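# Examining the three-dimensional arrangement
Each chain, letter by letter, is given below.
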Amino acid sequence: MTAETGAQAPDFSAPATGDKTLSLSDFAGRTLVLYFYPRDNTPGCTQEGEAFRDHHDEFRAAGAQIVGVSRDSIRKHDNFRAKYDFPFHLISDADEKLCSAFDVLKEKNMYGRTHIGIERSTFVIDGKGVIRHAWRGVKVSEHVDEVLAAVRALG
């Protein structure tokens, strides 16, 4: 199974901020915007989180909930979320199960060294658990506007 448009989203259950465990079933009947990002407190990841934060009310009005995912610990997520006042939860995927299920782990090259990291990706999952939109290799600027337009188009 691949996490692509039209496919059933991989089921998951993972620890999240606010002492929660979030599962795909928690969003049954509602649209879920699940975005994967490399690391808390890095410039691009902060900018992306702030963009989702700044449009949070519009996503809610369109019937969508936002959840961010990275491999950072819950403690780091709690601090990141508080520092930037994110009104949505962040999932800690330290064991990389969720990242693997959505196929967002990619080989990256930084300063001449290769490593496996999260490819910035966003998935819009409808209330029946079907992936309606998938973006991979996301560039932060204007991405949130694209996602919001896609959510609104779901009606």
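Look up: the structure comes first, before these words.
Notes on the structure follow. (Residues numbered from 1 in each chain as written. Predicted model: local features only at pLDDT ≥ 70, side-chain atom pairs only at ≥ 80, totals over all residues. Heavy atoms only, no water.)

### Observations regarding the nonpolar core
- Counting 23 residues, the largest nonpolar core has Leu32, Leu34, Phe36, Ile91, Phe102, Phe123 and Ile125 as the members making the most contacts within it.
- When residues of this core are traced back to their parent elements, those giving at least two are strand 1 (13-16), strand 3 (31-36), strand 4 (64-70), helix 4 (97-101) and strand 8 (121-125).
- Counting residues per element, this core draws most heavily on strand 3, which supplies three residues.
- Excluding residues that lie within four positions of it along the chain, Phe102 makes contacts with Ala3, Ala9, Pro10, Leu34, Phe36, Phe123, Ile125, Ile131 and Arg136.
- By size, the runner-up hydrophobic cluster in this structure holds 21 residues, among which are Tyr35, Val144, Val147 and Ala150. (Core = buried A, V, L, I, M, F, W, Y, C linked by side-chain atoms within 4.5 Å. Buried < 20%, exposed > 50% of the residue type's maximum accessible area, 1.4 Å probe, protein only. Helix = DSSP H or I, 4+ residues; strand = E, 2+ residues; numbered from the N terminus. Contact = heavy atoms within 4.5 Å.)

### Remarks on helix 5 (residues 143-154)
- With twelve residues, helix 5 extends 17 Å between its outermost C-alpha atoms, agreeing within 8% with the 16 Å of an ideal straight helix rising 1.5 Å per residue.
- Residues of helix 5 that are buried in the fold lie against strand 3, helix 1 (43-54), helix 2 (56-61), strand 4, strand 8 and strand 9 (131-136).
- A positive backbone phi angle near 70° is found at Gly155, which sits one or two residues after helix 5. (Expected span 1.5 Å × (residues − 1).)

### So, the packing of helix 1 against helix 5
- Here helix 1 crosses helix 5 at 40°, and the two axes come no closer than 9 Å. Between helix 1 and helix 5, the angle is such that the two are oblique. Helix-helix and strand crossings are classified by hand; for helix 1 and helix 5 the assignment is right-handed. Of helix 5, the residues touching helix 1 (which contributes Glu48, Ala51 and Phe52) are His143, Val144 and Val147.
- Class assignment of the residues belonging to the contact of helix 1 with helix 5 gives a composition of four nonpolar, one polar and one charged. (Axes fitted to C-alpha atoms, helices over the stretch in contact; angles between N-to-C directions. Parallel < 35°, antiparallel > 145°, perpendicular 65-115°, else oblique. Left-handed = near helix turned anticlockwise from the far one by under 90°. Nonpolar A, V, L, I, M, F, W, Y, C, P; charged D, E, K, R; others polar.)

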